[in-house]
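Listed below, chain by chain, are the residues.
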Amino acid sequence: MNFYLTGIEGMPKLLECCKDPLPYFKKKVYEEKFKQLYQMNFETFDAIEKGYNSVIDKEQFLENMANALTEHAVEMVNSCKRKSDKEHLQMDLNMSMAVFILPMVLEFKGNSSKPLSEKLTNSWKKAFPKSNIQAAEFSFIEEGFHKKFCYITTAVCESFGKADNCYELTLLRDYRDTYLASLPDGEALIEEYYDVAPSIVKHINQKPSSHDIYYSIWEQYLSPCINMIEHGQMEECCELYKKMVYDLKDEYFLQ
C-alpha cells in the first residue's frame, strides 16, 4: 500500500463525510456519529501513521497531509457564489474540524496523532485567519455533554474576555446542575437548551454585530440571573432562564 497516497487522498474526504455537523452535535447522537465517522476514516489515519513512522522528513509529511485537507476546504468555500453562503459553509467547516475531524485524529492515538492535529490547526488558521479552532479529544467533548457546558453563556463570557472558569460561568453552571436539574421539568428544559444552543451561537457568530448581541444577552438575561441567584431568587431566575432560551430560539435558531 502506498501510505502517502492513501493519506493524501483521504484527508479531503474527512471534510466531505463530516458535512452538516450541527444535527449530530447533540448529547443523544454525537457519540454514535463520531464512532461511525472514525471507523469510516480509519484507513486514512492508519496510512498516515505508517507513513509517518517510515519517512525521514516527518514534519513535511504531516504538513502535506494537513495542507491537503485545508486546500480542499478553501476550494469548497471559494465555490460558493454568495458571501452569506461562504460564511455559513465556513462555520460548518469550523465546527466539523472542532468536534469531529481533530478529535478523530487524536482518537487514533498514534505517534502521528498529536503532531498532525497541530499541523492541521496551524494550516487551518493560515487559510482562515478569523477561525479559532482548537484540538480536543472526543472524550473531553463527550464529557462536556454530561457536565452540561453552557454554550450561550460561554460565548458571551468569551466575547468579554472572561475565562471558562470565571465566577459568572461557574455560578450559572452550578445553578443549572443543581437547582434547575432538580425541578420536575428541569432535565427536559436542559435537554432542549443543549439541542438548540449550538445553532444559536453559530448564527450569532456569523453576524458582524455578534459582540453587541452578546452584550445585549448579558444585560437582558445573564446579569439579572446572576443577581437573582446571589439573592436566592431561584424561581425568578428559572423563569428568566426559560425566557432567554425561548427568545433566542425564536430569533436565531432557524436563520
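Residues numbered from 1 in each chain as written. Predicted model: local features only at pLDDT ≥ 70, side-chain atom pairs only at ≥ 80, totals over all residues. Heavy atoms only, no water.

What to know about the overall build of the protein chain
Put simply, the rule is: Numbering of helices and strands runs from the N terminus; a helix is a DSSP stretch of H or I covering at least four residues, while a strand is a stretch of E covering at least two. The globule rule used here is 2.2 Å times the number of residues to the 0.38 power, and the radius of gyration it is set against is calculated over C-alpha atoms. The rule is simple: take the accessible area with a 1.4 Å probe, protein chains only, and divide by the maximum for that residue type; under 20% is buried, over 50% is exposed, in between is partly exposed. Residue contacts are counted whenever heavy atoms from the two residues lie within 4.5 Å of one another. Charged residues are defined here as Lys and Arg on the positive side and Asp and Glu on the negative side; His and the ends of the chain fall outside this count. Working definition for charges: the position is that of NZ of Lys, CZ of Arg, CG of Asp or CD of Glu.
On a plain count of helices and strands, the protein chain comes out with 12 helices and 0 strands. When the helices and strands of the protein chain are listed from N to C terminus, the series reads α-α-α-α-α-α-α-α-α-α-α-α. Relative to the globule expectation of 18 Å for 255 residues, the C-alpha radius of gyration of the protein chain, 20 Å, shows essentially globular dimensions. Along the first, second and third principal axes, the C-alpha atoms of the protein chain reach 65 × 40 × 30 Å. Of all 255 residues assigned to the protein chain, the portion counted as buried reaches 49%. Across the protein chain, the fraction of contacts at a sequence separation of at least 24, relative to all contacts at a separation of at least 6, is 74%. Charge-centre separation for the protein chain: the mean point of 29 positive side chains lies 4 Å from the mean point of 40 negative side chains.

A few points about the pattern of salt bridges
Stated formally: When a carboxyl oxygen of Asp or Glu is within 4 Å of a side-chain nitrogen of Lys or Arg, the pair counts as a salt bridge.
A full pass over the atoms with the stated rule returns 13 salt bridges. Measuring nitrogen to oxygen at the nearest pair gives 2.6 Å for the salt bridge that ties Asp92 to Lys202. In this pair, Asp92 is assigned in helix α5 (residues 83-107) and Lys202 in helix α10 (residues 186-205), connecting sequence segments 110 residues apart. Asp92 gets classed as buried once you look at its relative accessible area, which sits at 16%. According to the relative accessible area criterion, Lys202 is buried, its value standing at 13%. A salt bridge links Lys243 to Asp247; its shortest N-O distance comes to 3.0 Å. Taken together, the positions of Lys243 and Asp247, both in helix α12 (residues 234-252) and 4 residues apart, correspond to about one turn of that helix. Owing to a relative accessible area of 42%, Lys243 belongs among the partly exposed residues under this scheme. A relative accessible area of 24% means that Asp247 is categorised as partly exposed.

Quick look at the environment of Val245
With respect to the secondary-structure elements, Val245 resides in helix α12. With 211 residues separating them in the primary sequence, Val245 and Phe34 have C-alpha atoms 27 Å apart.

Quick notes on the nonpolar core
Selection criterion: Each nonpolar core is a collection of buried residues, namely Ala, Val, Leu, Ile, Met, Phe, Trp, Tyr and Cys, held together in the definition by side-chain atoms within 4.5 Å.
Counting 44 residues, the largest nonpolar core has Leu69, Met104, Leu120 and Trp124 as the members making the most contacts within it. Secondary structure elements with two or more residues in this core: α1 (3-17), α2 (30-40), α3 (42-54), α4 (58-78), α5, α6 (113-127) and α7 (138-147). Setting aside its immediate chain neighbours within four residues, Leu69 contacts Met11, Pro12, Leu14, Leu15, Met97, Ile101, Leu120 and Trp124. Counting residues in each nonpolar core, the second largest holds 35 residues, with Tyr193, Val196, Ile229 and Cys238 among its members.

What to know about α4
Here is the rule: The span you would expect from a helix comes to 1.5 Å times its residue count less one.
Across its 21 residues, α4 extends 30 Å between first and last C-alpha, which sits within 8% of the 30 Å expected from 1.5 Å per residue. Contact partners of the buried residues in α4: α1, α3, α5 and α6.

Some points on unusual backbone geometry
As a rule of thumb, non-glycine residues mostly have phi less than zero, and peptide bonds are mostly trans rather than cis. We note that Asp20 has phi near 50°; this positive angle belongs to a residue other than glycine. Along the chain, Asp20 falls in the loop between α1 and α2. Residue Asp20 is classed as partly exposed on the basis of its relative accessible area of 44%. If you check the backbone angles, Lys109 has positive phi at about 60° while not being a glycine. Within the secondary structure, Lys109 sits in the loop between α5 and α6.

As for the packing of helix α9 (residues 167-182) against α12
Going by this rule: Think of each axis as a best-fit line through the C-alpha atoms, taken over the contacting stretch in the case of a helix, with angles from 0 to 180 degrees between the N-to-C directions. In these notes the angle categories are as follows: under 35 degrees is roughly parallel, over 145 is roughly antiparallel, 65 to 115 is roughly perpendicular, and the rest is oblique. Any residue that is not Ala, Val, Leu, Ile, Met, Phe, Trp, Tyr, Cys, Pro, Asp, Glu, Lys or Arg is counted as polar, Gly included; the first ten are nonpolar and the last four charged.
Running from N to C, α9 and α12 point in directions that differ by 105°, and their axes come no closer than 11 Å. As far as their axial angle goes, α12 and α9 are roughly perpendicular. Taking contact as the criterion, the partners of Tyr175, Arg176, Tyr179 and Leu180 in α9 are, on α12, Met234, Glu235, Cys237, Cys238 and Tyr241. Split into classes, the residues belonging to the contact of α9 with α12 amount to 7 nonpolar, no polar and 2 charged.

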